[in-house]
Amino acid sequence: MTGQGGRQAFQQAKSAEQPGPVLGVTWQGQVHTSPAAMASVIRAAWQPWFCSNEMIRWPDVEPILLEDLATPAWPALSPLTGEDLIAALARTPSHTAEGVDGWHVCDLRLLPVEAWRELAHVCSLAEAGAAWPDELTFARIVLIPKGDTQQGLIDAASLRPITVLSQLFRLWGRARMEALTPWARQWMLPLQTGLRGGMGAAELLWSTAAEVEGAVVTQCLMVGVSFDLTKAFDTVS
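**Student:** Outline the environment of R176, supporting the account with residue identities and numerical values.
**Tutor:** Summarising the element assignment, R176 is placed in helix 8 (residues 167-184). Separated by 99 residues in the primary sequence, R176 and L77 place their C-alpha atoms 8.4 Å from one another. In contact with R176, other than residues within four places in its own chain, are L77, S78, P79, L80 and E127. A distance of 2.8 Å separates the side chain of R176 from the side chain of E127, its partner in a polar contact.

As structure tokens, this is what we get:
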């Protein structure tokens, strides 16, 4: 099952996994319920992951990335246009969260073509090496519970921070990903998901469920292994 039906089934299955509301956090044996105290201990819990003492310099990373992406050759991208951004907006679900700037998908759909062309020009300048405008670089942090709550309390380290960037910045990435997809398909693994036009989580869910059901019906042994990194960030080696 694919399309809207598969997406709804997947969302229904995931909703059953959602923990209850978070009313406070625990950290090092103490309970914290005020917003300021909760923010402080959550920051302390994630400090080792986000503030590594190891300095990462772009000149050290760039040659490695260029070597890994040398084959197939990096494609020549056409200049970004306002129409590219509008097409990316059309592919963006209306429930997608807005960033700090408050621009929601429904609001952006009211912008005239001329505004999108100006925004495309700003993106092109950034691609050429100019700094992104500050308004497009601000982000907000959303804490997603990744553990069970006990009477409304959860360990500070079990709240996973997710960065929500500006919707305009994400539209630039979506537009460029559309252009890079044919190139990426030349080196990505066949079972990788998430790339536009490929399998999504819903398709994998139904495919795996069908295989399990087939094994049960035929009384065949079936073994599965699942790995879930609690803190899957760039600093995890």
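Still more to cover.
**Student:** Give me the lowdown on the side chain of T96, citing residues and values where you can.
**Tutor:** Within the secondary structure, T96 is located in the loop between helix 4 (82-90) and helix 5 (105-108). A polar contact of 2.8 Å, which involves the side chain of T96, links it to the backbone oxygen of P93.

**Student:** A description of helix 9 (residues 201-218) should follow, citing residues and the corresponding values.
**Tutor:** Between its first and last C-alpha atoms helix 9 spans 26 Å; for 18 residues at 1.5 Å apiece the expected length is 26 Å, and the two agree. Among the residues trailing helix 9, Q219 stands out with phi positive, at a value near 55°.

**Student:** Tell me about the packing of helix 4 against helix 6 (residues 113-127), and please be specific about residues and values.
**Tutor:** The description of two helices packed together rests on the angle between their axes and the distance between the axes. Where helix 4 contacts helix 6, the two axes come as close as 7 Å, and the packing angle between them is 105°. When the interaxial angle is binned, helix 4 and helix 6 end up roughly perpendicular. Contact residues: helix 4 offers G82, E83, L85, I86 and L89, while helix 6 offers V113, W116, R117, L119 and A120. Counted by class, the contact of helix 4 with helix 6 contains seven nonpolar, one polar and two charged residues.

**Student:** Please set out helix 2 (residues 35-50) residue by residue, giving values where relevant.
**Tutor:** Between its terminal C-alpha atoms helix 2 stretches 21 Å, which fits the 22 Å expected from 16 residues at 1.5 Å a residue. Of all the bends in helix 2, the greatest reaches close to 35° and is centred on A44; the proline P48 follows between one and four positions later. Looking at helix 2, one finds that the buried residues are M38, V41, I42, A45 and W46.

**Student:** I'd love a proper account of the sheet that holds strand 4 (residues 153-155), names of residues and values included.
**Tutor:** If you walk across this open sheet you meet the three strands as 2-1-4, and the pairing is mixed. Unpaired on one side and paired on the other, strand 2 (30-32) and strand 4 mark the two borders of the sheet. Between one strand axis and the next, the sheet turns by 30° as a mean value, whatever way the strands run. Summarising the sheet, strand 1 (residues 24-27) and strand 2 pair through three bridges and their orientation is antiparallel. Each bridged residue has a counterpart across the sheet, and for V25 the counterpart in strand 2 is H32. Contacts from helix 2 reach strand 1 and strand 2 within the one sheet, and its direction differs from that of strand 1 by about 45°.

**Student:** With reference to specific residues and values, describe unusual backbone geometry.
**Tutor:** At Q28, a position not held by glycine, the phi torsion is positive, near 55°. With respect to the secondary-structure elements, Q28 resides in the loop between strand 1 and strand 2. Accessibility expressed as a relative area gives 69% for Q28, which makes it exposed. Of note in the backbone geometry, Q151 takes a positive phi value of approximately 55° without being a glycine. With respect to the element layout, Q151 can be found in the loop between strand 3 (140-145) and strand 4.

**Student:** Any chance you could break down the nonpolar core for me, citing the residues and the numbers?
**Tutor:** When a protein is soluble and globular, its nonpolar side chains tend to lie buried together. Core analysis: the largest hydrophobic core is formed by 13 residues, its most contacted members being L80, L85, L89, L108, W116 and L171. At the level of elements, helix 4, helix 5, helix 6 and helix 8 are the ones that each hand at least two residues to this core. Filtering out sequence-adjacent residues up to four positions away, L108 remains in contact with L89, W103, W116, Q167, L168 and L171. Formed by 10 residues, the second largest nonpolar core is a distinct cluster that contains V25, M38, I42 and A45.

**Student:** Explain the packing of aromatic side chains to me, using residue names and the numbers behind them.
**Tutor:** All chains considered together, the criterion is met by four aromatic pairs. Taking the centre distance of 5.4 Å and the plane angle of 50° together, the rings of F169 and W172 count as tilted. Highlighted residues: F169 and W172, both in helix 8, separated by three residues, approximately one helical turn. One aromatic cluster is present, formed by W132, F169 and W172 through successive ring pairs.

Reading the values: the criteria
Residues numbered from 1 in each chain as written. Predicted model: local features only at pLDDT ≥ 70, side-chain atom pairs only at ≥ 80, totals over all residues. Heavy atoms only, no water. Helix = DSSP H or I, 4+ residues; strand = E, 2+ residues; numbered from the N terminus. Contact = heavy atoms within 4.5 Å. Polar contact = N/O pair within 3.5 Å; in protein donor to acceptor, adjacent residues only side chain to side chain. Expected span 1.5 Å × (residues − 1). Axes fitted to C-alpha atoms, helices over the stretch in contact; angles between N-to-C directions. Parallel < 35°, antiparallel > 145°, perpendicular 65-115°, else oblique. Nonpolar A, V, L, I, M, F, W, Y, C, P; charged D, E, K, R; others polar. Bend = angle between axes of the 7 residues up to and from the residue. Buried < 20%, exposed > 50% of the residue type's maximum accessible area, 1.4 Å probe, protein only. Pairing = 2+ DSSP bridges. Core = buried A, V, L, I, M, F, W, Y, C linked by side-chain atoms within 4.5 Å. Phe/Tyr/Trp six-rings, centres within 6.5 Å; stacked < 30°, edge-to-face > 60°.

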